[in-house]
Structure formats: C-alpha cells, structure tokens
Amino acid sequence: MEHTDRNEDEEHVSDETHQEKHNGCAKTTADPFYVRLLFTPLDFVSMAFLSITLVPIRMVAAFIALTLAWAVSCIGLTNIDQTVPVSGWRKPLQWISCFLGRICCRCCGFSVTITGTQVPKSVAPVLVVAPHSSFFDALAIFWTGLPFIVNREENKNLLFIGKCVQFAQAIFVSRERRESREECKEEIKRRVNSTQPWKQFMIYPEGTTSNRKALMSFKPGGFLPGKPVQPVLIRYHLKHDTVSWTWDQPHGFIACFMYTMCQLRNKVELEFLPPYEPSEPEQMDPVLFASNVRREMSDALGVPLCDMSYEDIKNEYSKKKKQ
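Residues numbered from 1 in each chain as written. Predicted model: local features only at pLDDT ≥ 70, side-chain atom pairs only at ≥ 80, totals over all residues. Heavy atoms only, no water.

**Section: the pairing of strand S4 (residues 126–130)**
With 5 of 5 residues buried, S4 is to be regarded as a mostly interior element. Going residue by residue along S4, you find Val126, Val128 and Ala130 tucked away on one face and Leu127 and Val129 tucked away on the opposite face as well. Pairing of S4 with strand S7 (residues 201–203) involves 3 bridges; the strand directions are parallel. Paired with Leu127 across the two strands is Met202, which belongs to S7. In the sheet, S4 pairs with strand S8 (residues 229–237) via 5 bridges, with the strands oriented parallel. Bridging from a neighbouring strand, Val126 pairs with Val229 of S8. (Buried < 20%, exposed > 50% of the residue type's maximum accessible area, 1.4 Å probe, protein only. Helix = DSSP H or I, 4+ residues; strand = E, 2+ residues; numbered from the N terminus. Pairing = 2+ DSSP bridges.)

Here it is as structure tokens:
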C-alpha cells in the first residue's frame, strides 16, 4: 500500500457541516459524546413484549454460554504460563471459549456481517478497531479469532468475565500507574515482534467511547512495534442507538444493556480495510503512524476527527458534573 501521496495538512472544516473547533474537537451539530434515545409508543410496546417473551430466553442462554466459557477458561488457566502463547490441549479450549463468546453476542440480538477480508498475522500482526462506542464492541474479538487485547487491571477479577479475559491472554494495565502503562507498551512490542505463535494483537486505540459521530485521538501503543496494521471498522445499523455508552447520556450500563436486549435484531458490520504498511518515518514515529491510520479510517467512515484524548474528555466532564 503506497503512502507517498498522503496529505499531512490539517483537516479542512466545511461550512456545510457548520463545524467549529472546540477544545481540540471538530464539533458538528452531532456532539460525539451526546446520546439521547427517543422511543415512540410503538417502540415501548415492542420492547415490553420482547422483555417478557424473547429476552428471558436470551438471558438464560447467554448465562449458560458465559458459565461454560468461564469453566473452560478456569480449566485452561490451570498452571498456565502467560509469558508464552497458548498451545497443546489449551488451544482447543480457547476456540471453544471464542465460540461461546459468539453465542453470548447472538443472545444479545446481534447479527454480525463481515465486509472485506481479515489478513493473517504474517501480513498484519495488529488489528486496529474503531470507532469505539460500547462494551458491545468486544464482539469484534470473537469474530476475529480471539486476538489478545489490552484490558483494564480492574477487569481481571470480574465475575465470570475476568477468567475468560485472562485465558485469552490479555495484557492488563492500570491507567493510573505510569509504570503499568510502560510495562504494557513493552509487552505489546515483545509479543508482536516475537517469533513465537502469538495471535494477532487487537487494539481499540481511541481509549474512550463516543457515539461514533467522530473519531477520537488514537493512543500510539498498538503502533509502537512499527508493524503493518489492518484497520477494522465497526458499523452498527440500528433504528435506535441503544449500544452507545459514553459521557453525555442519561441512561447507564444496565439500561444500555437492557434496551439492546429488547430489540428483535441488532445489525452490526465489521469491515476489514486493506492492511496499512508503515513507511520508514512512521516506523520511527508511532504518533505519526497512529495519526495517518486514524485519518484513513476517518475517511472510510465519513466522520470528522476529534483530537480530544481520554484525559481531556475526563477532565471536561468531571468539571461539568461539579457545576
């Protein structure tokens, strides 16, 4: 893939979209952190009906699948060495865990379609997934063969899910501790550059969630190895955006989960873009590498860029809560 013609100029802001720069974010009439669900009376009737007919069946099936995945993961974690890739008898257990993860997603009503082709690790060892808008985005993990990911340290001991994430050989990091972040970066580089048969590395580089109306800043962690990456776009095709879980919305995690469960079908598309091979300057500069990949993904999505980082957003909305 050639990159010699890439334009490094700043993004032009169109008058037609009424955009204006505010706190580093190209804001449009659609705030990237604003979510309000406007259900009609018919929507409420439909959700009420599904909540007493289909949802109980879905929840029982999902609980059984999650319990089985937890049990399989507990077995696989017995005397495991997490410094090397899973092998031997543990390998089939990982595939079973991945299959059960897909069942859980289908029990939430998700119907997943694939556009494009996922390339093997030998071509692109890193999968870059965006836009990140929900905990439901984890479904990409199960439809890409259970690549290893970076996860928050506090998720390590979550009931049921924690063991599954550990068995998937995630790298755990504490955002609050600098030494933990540095260790995470070194482990990413070690695995991606290793000759051992590690799976592909999947990263959600925005590090925070939005409503998919803009693409947030990319953290450079997944670009540090300087290896080719394959961008993966998540597109939700929904009547109501029940999946977004972001900064400015009146409903929380439970409502987000239940509203989604009460939909008959939740269509989601995973689009694999062509692999992006970094130039020499990009290999030496992960920030430049991340920025250029982000721009290509933004163009493919048809959404503007928002240069606010997780820290910027957290500070801004913390101030708003205090007011």
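**Thoughts on the nonpolar core**
Inside soluble globular proteins, nonpolar side chains tend to come together where they are buried. Among the nonpolar cores identified, the biggest contains 34 residues, and Phe110, Leu139, Met202, Ile234 and Tyr236 are the most heavily contacted of them. At the level of secondary structure, the elements contributing two or more residues to this core comprise helix H1 (41–76), helix H2 (90–107), strand S3 (110–115), S4, helix H3 (139–142), S8 and strand S9 (266–272). The leading source of residues in this core is H3, at 4 residues. Non-local contacts of Leu139, meaning those with residues more than four positions away in its chain, are made with Cys105, Phe110, Val112, Tyr236, Val268 and Leu270. The next biggest cluster of nonpolar side chains, apart from the first, holds 26 residues, and it includes Cys184, Trp198, Phe223 and Leu301. (Core = buried A, V, L, I, M, F, W, Y, C linked by side-chain atoms within 4.5 Å. Contact = heavy atoms within 4.5 Å.)

**A short note on unusual backbone geometry**
In the segment running from Ala130 into Pro131, the intervening peptide bond is cis, with an omega of -5 degrees. Residue position: Pro131 is located in the loop between S4 and H3. Although it is not a glycine, Leu146 sits at a positive phi angle of roughly 60 degrees. As for its position among the elements, Leu146 is in the loop between H3 and strand S5 (150–152).

**Remarks on the sheet that holds S8**
Pairing is mixed across the open sheet formed by 5 strands, whose spatial order is S3-S9-S8-S4-S7. Two strands in the sheet have a free side with no partner beyond their single neighbour: S3 and S7. Neighbouring strand axes in the sheet, compared pairwise and without regard to direction, differ in orientation by 25 degrees on average. As judged from the 6 bridges shared by S3 and S9, these two strands associate in the parallel manner. Bridge pairing in S9 places Thr115 opposite Glu271. (Axes fitted to C-alpha atoms, helices over the stretch in contact; angles between N-to-C directions.)

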